Amino acid sequence: VIPPIVVIGLDDSRSILLTKDSAYYKSDFLPQLEKLRTTIAQKYDVRIFHFGKDTKESVNKPFAQSQTNMSAYLDGIYNRYYNQNIGAVITLSDGIYNQGENPLTSAEKFNAPFYTVALGDTTIPRDIVLKDVLHNDIVYAGNSFPLDVQLRARGFKGRSAMLMVEQGGKKIYSKPVSFSKDNNFMETEIRLEAKTSGLQRYRVIIESLPAEVSYRNNARDIFIQVLDSRKKILIIGESPHPDIAALKQSIERNKSYEVKSLIYNEFTREIGLNASKLKNYQMVILHQLPSLKESGAELIRLLKESEISVLYIVGGSSSLGQLNQLDAGIAISPNGTRTNEAFGALNPQFGYFTLSEDVSKQLATWPPLIVSFGDYKVSDRQGIMMYQRIGRVQSDFPLITFGKSGRQKTAIITGEGIWRWFITDYSQTQGFVASDELINKIVQYLSVKNDTRQFRTRPLKNIFADDEHISFEADVYNPSYEPQKDAIVKLSITDEQNKKSDYTFQPRGDNYYLDAGLLPKGIYKYAAQTDIAGKHFSATGEFIVRETELEYLETTADHRLMTQLAHQHGGEMVYPRDMQRLAEMISKRTDIQPTSYLESDLQEIIHFRWLFFLVLILLATEWFLRKYFGSY
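First things first, this report covers the structure right here in the doc. (Residues numbered from 1 in each chain as written. Predicted model: local features only at pLDDT ≥ 70, side-chain atom pairs only at ≥ 80, totals over all residues. Heavy atoms only, no water.)

## Points about the overall build of the chain
Part 1 of the argument: Per the secondary structure count, the chain includes 16 helices and 33 strands.
Part 2 of the argument: The C-alpha radius of gyration of the chain comes to 36 Å, more than 25% above the 26 Å expected for a compact globule of 632 residues.
Part 3 of the argument: In terms of its C-alpha atoms, the chain occupies a principal-axis envelope of roughly 120 × 105 × 60 Å.
Part 4 of the argument: Taken across its 632 residues, the chain has 47% of its residues classed as buried.
Part 5 of the argument: When contacts within the chain are restricted to residue pairs at least 6 apart in sequence, long-range pairs at least 24 apart make up 73% of them.
Part 6 of the argument: In the form shown here, the chain has an accessible surface area of approximately 32,600 Å², with 49% of it arising from carbon and sulfur atoms.
Part 7 of the argument: In the chain, 74 side chains carry a positive charge and 75 a negative one; their mean positions are 2 Å apart. (Helix = DSSP H or I, 4+ residues; strand = E, 2+ residues; numbered from the N terminus. Rg over C-alpha atoms; globule rule 2.2 N^0.38 Å. Buried < 20%, exposed > 50% of the residue type's maximum accessible area, 1.4 Å probe, protein only. Contact = heavy atoms within 4.5 Å. Areas by Shrake-Rupley, 256 points an atom, 1.4 Å probe, with all protein chains shown as cover. Lys, Arg positive; Asp, Glu negative; His and termini not counted. Charge placed at Lys NZ, Arg CZ, Asp CG, Glu CD.)

What follows is the structure, given as structure tokens:
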């Protein structure tokens, strides 16, 4: 006979203590909960859980979790006790959840009564809350950038407070904001200037006013990466062409790139065949170069020596003979001067990067490019991103293909007229989302330099929450660029007060792993080092630990949710000081019954050897006695 399971789930999030009854929850509440558990355990199998960001069976510090995910807690206990006899579910919470779906939805799958204990306070407190600060993650030095600050003030009608921004402990911005209503939600924009490159920490503060329920939600830290400059892309065309304008506008819509477009004659005058000037660019697009008029041989040689990635766009003015000699991974043998109209067909085996479903769907409706009629040979068919589709027939000729010339990345679009793709995209969607994604993925792949370092280390994320473990990975390669598995890799982490902590990586497969544990909020610098074949290697970087503030943004308990959760499942909601009544309510229910199990085990008699020999001995004895006394 197995008694029913009674699940008790306690909301262990920080919002529980953000009320006037916080002293009660720190002192008397937990002993009362233990008394309830003990009483119910006399008749039922009690399982107790603590939930917040995660669901745990025990905690060291109650009411400390930084998020509340009630639906994950309900899903977890349902999966754990699936097909078992759950008698009742008791949930103690303030009804505030900031992660996951609505708990009412997650509870629908249960076939058991729900009882709830309504924690927290439903009184709307006087409070000013800095709800959110919307901002760009990356800005460029010397540029101004906006912060969209969202505020909510309750109970401060006719009052005003100072909105401020601090950097490095110094105030860099302030302005007064006024609250015209008792429940006032407002947005205001702040513009700042990025003066220093690197990872910058800004603290946005709304002045605290007397009688606020909490001052923890009056400030928020944001972190912005300030870059020295954008990646530079150079477009050189044999002559003016709408493809050049379309590509320039598409790439510039991504604020990470700065684009310069020149006709070849302008290029020779403005930049010229100067290797040092060319190295300012991370990628070059050559439109119909080499051409029948301008070979560009010296330019192409310098680009290859400088390992600058090149995107070649082939057109009617291109010199295919010179293109075939570039070791760009493609050879085109034209059949006279004839051309074809080739639609694009994505190669499903292409693995250099992925495109969204929208691009795949829309691409089939985009107009064709004008390509040379002839034979195409590709050295690496894995690099074909898009095939040519002539009418309804898909060929194995490339429309867009990628390759390498030594250590230089290359890509070739074998037709002209890509500007029509942008026009069609806009006519279909009133935007350039799909066409921009296609071009930006190509540019991003080509503009990123290959990482050939023998020693690399990186945090698994650039921004961690203060309740997340700080984790790193490292790669170590010997001079033959094979993974070295016996290296000693050390790492030091330095906080904003220059306090340093030292760690050692542990081998894991072909690389190394480090868990540095939990760290308080702030900007941290790290430095890693190792020795490879007698040489010393090092790597440095930065990462952020940000405080999880979700629990401070909403402090008014939602007892309506707790009431619905109980009533929809045939239970009842009570308040903390009445929770001992739950034991009596559950024990009076006739539908919560134990489960009886009967186990039977059937074994064949032939497996009992002792019985076999006993019967054999008895038969032999009978035979002997009959024989001895002459009964037959």
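Past the structure itself, the notes keep going.
## Examining the packing of aromatic side chains
Geometrically, a pair of aromatic rings is defined through the distance of the ring centres and the angle of the planes.
Part 1 of the argument: If you walk through the whole model with that rule in mind, you get 32 aromatic pairs.
Part 2 of the argument: Considering the side-chain rings of Tyr352 and Tyr445, the 5.3 Å spacing of their centres and the 35 degrees angle between planes classify their relative orientation as tilted. You can see Tyr352 sitting in the loop between β18 (330-346) and α10 (357-363) and its partner Tyr445 sitting in helix α12 (residues 433-447), a full 93 residues away along the chain.
Part 3 of the argument: Judged by relative accessible area, which is 19%, Tyr445 ranks as buried.
Part 4 of the argument: Pairing Phe353 with Tyr445 gives two aromatic rings, centres 6.2 Å apart and planes at 50 degrees, and the pair type is tilted. Of the two residues, Phe353 sits in the loop between β18 and α10 while Tyr445 sits in helix α12, which places them 92 residues apart along the sequence.
Part 5 of the argument: What links up through ring pairs into an aromatic cluster is the set Phe350, Tyr352, Phe353, Phe402 and Tyr445.
Part 6 of the argument: One Lys or Arg, Lys109, reaches over the ring of Tyr78 and ends 5.4 Å from the middle of that ring. (Phe/Tyr/Trp six-rings, centres within 6.5 Å; stacked < 30°, edge-to-face > 60°. Lys NZ or Arg CZ within 6 Å of the ring centre and 35° of its normal.)

## Comments concerning helix α3 (residues 70-80)
Part 1 of the argument: Taken residue by residue, α3 has Met70, Ser71, Tyr73, Leu74 and Ile77 as its buried positions. Seen end-on, α3 carries its buried residues on one side only, within an arc spanning 160 degrees. (Arc of directions from axis to C-beta.)

## Some points on the nonpolar core
Part 1 of the argument: In terms of nonpolar packing, the biggest core is built from 67 residues, with Leu286 and Phe402 touching the most fellow members.
Part 2 of the argument: If one sorts the elements of this core by residue count, α12 sits on top with 7 residues. (Core = buried A, V, L, I, M, F, W, Y, C linked by side-chain atoms within 4.5 Å.)

## Observations regarding a nonpolar patch on the surface
Part 1 of the argument: Taken together, Ile605, Ile606, Phe608, Trp610, Leu614 and Leu618 make up a surface patch of nonpolar side chains, about 670 Å² in accessible area.
Part 2 of the argument: Along the chain, Leu614 turns up in helix α16 (residues 609-629). (Patch = residues over 30% accessible without salt bridge, like charges linked within 9 Å, V, L, I, M, F, W, Y side chains within 5 Å. Salt bridge = Lys/Arg side-chain N within 4 Å of Asp/Glu carboxyl O.)

## With respect to the sheet that holds strand β33 (residues 573-574)
Part 1 of the argument: Spatially, 6 strands are ordered β3-β2-β1-β4-β5-β33 in an open sheet, and the strand pairing comes out mixed. The outermost strands of the open sheet, each flanked by one partner alone, are β3 (55-56) and β33.
Part 2 of the argument: As paired strands, strand β4 (residues 86-93) and strand β5 (residues 114-118) are joined by 5 bridges and run parallel to one another. When the bridges of β5 are listed, Thr91 appears paired with Thr116.
Part 3 of the argument: Along the sheet, helix α2 (residues 29-41) makes contact with β1 (5-11), β2 (45-51) and β4, crossing β1 at roughly 170 degrees.
Part 4 of the argument: Lying on the sheet, helix α14 (residues 559-567) is in contact with β4, β5 and β33; it crosses β5 at an angle near 160 degrees. (Pairing = 2+ DSSP bridges. Axes fitted to C-alpha atoms, helices over the stretch in contact; angles between N-to-C directions.)

## Some details on helix α5 (residues 242-252)
Part 1 of the argument: Of the residues making up α5, those classed as buried are Asp243, Ile244, Ala246, Leu247, Ser250 and Ile251. Down the axis of α5, the sector holding all buried residues measures 165 degrees, keeping them to one side.

## Examining the sheet that holds strand β23 (residues 415-416)
Part 1 of the argument: Within the open sheet, the 10 strands sit side by side as β15-β14-β16-β17-β22-β21-β20-β18-β19-β23. Their pairing is mixed. The open sheet has two edge strands with one neighbour each: β15 (257-263) and β23.
Part 2 of the argument: Direction of pairing for strand β19 (residues 369-378) relative to β23: antiparallel, over a ladder of 2 bridges. Bridge pairing links Ile370 to Glu416 in β23.
Part 3 of the argument: Helix-sheet contacts for α5 involve β14 (231-237), β15, β16 (283-287), β17 (309-313) and β23, and the interaxial angle to β15 is about 165 degrees.

## Looking at the packing of α5 against α12
Part 1 of the argument: Following both chains from N to C, one finds α5 and α12 inclined at 85 degrees, their axes separated by 9 Å at the closest point. One finds that α5 runs roughly perpendicular with respect to α12. On α12, the residues touching Leu247, Ser250 and Ile251 of α5 are Ser435, Asp436, Ile439, Asn440 and Val443.
Part 2 of the argument: Looking at the contact of α5 with α12 residue by residue, the class counts come to 4 nonpolar, 3 polar and 1 charged. (Parallel < 35°, antiparallel > 145°, perpendicular 65-115°, else oblique. Nonpolar A, V, L, I, M, F, W, Y, C, P; charged D, E, K, R; others polar.)

## Things to note about unusual backbone geometry
Residues other than glycine predominantly adopt negative phi, and peptide bonds predominantly adopt the trans conformation.
Part 1 of the argument: Note that the residue after Leu289, namely Pro290, is joined by a cis bond; omega there is 0 degrees.
Part 2 of the argument: Unusually for a residue other than glycine, Gln288 sits at a positive phi of about 60 degrees.
Part 3 of the argument: Mapping Gln288 onto the fold places it in the loop between β16 and α8 (297-305).
Part 4 of the argument: Judged by its relative accessible area of 5%, Gln288 is buried.

## A short note on the environment of Phe464
Part 1 of the argument: With respect to the helices, strands and loops of the structure, Phe464 is situated in strand β25 (residues 463-465).
Part 2 of the argument: A relative accessible area of 3% means that Phe464 is categorised as buried.
Part 3 of the argument: When the C-alpha atoms of Phe464 and Phe543 are compared, they prove to be 7.8 Å apart, with 79 residues separating the residues in sequence.
Part 4 of the argument: Excluding residues within four positions of it along the chain, Phe464 makes contact with Pro459, His469, Ile470, Ser471, Phe543, Ile544, Val545 and Arg546.

Interpretation in functional terms is not warranted from these geometric data alone.
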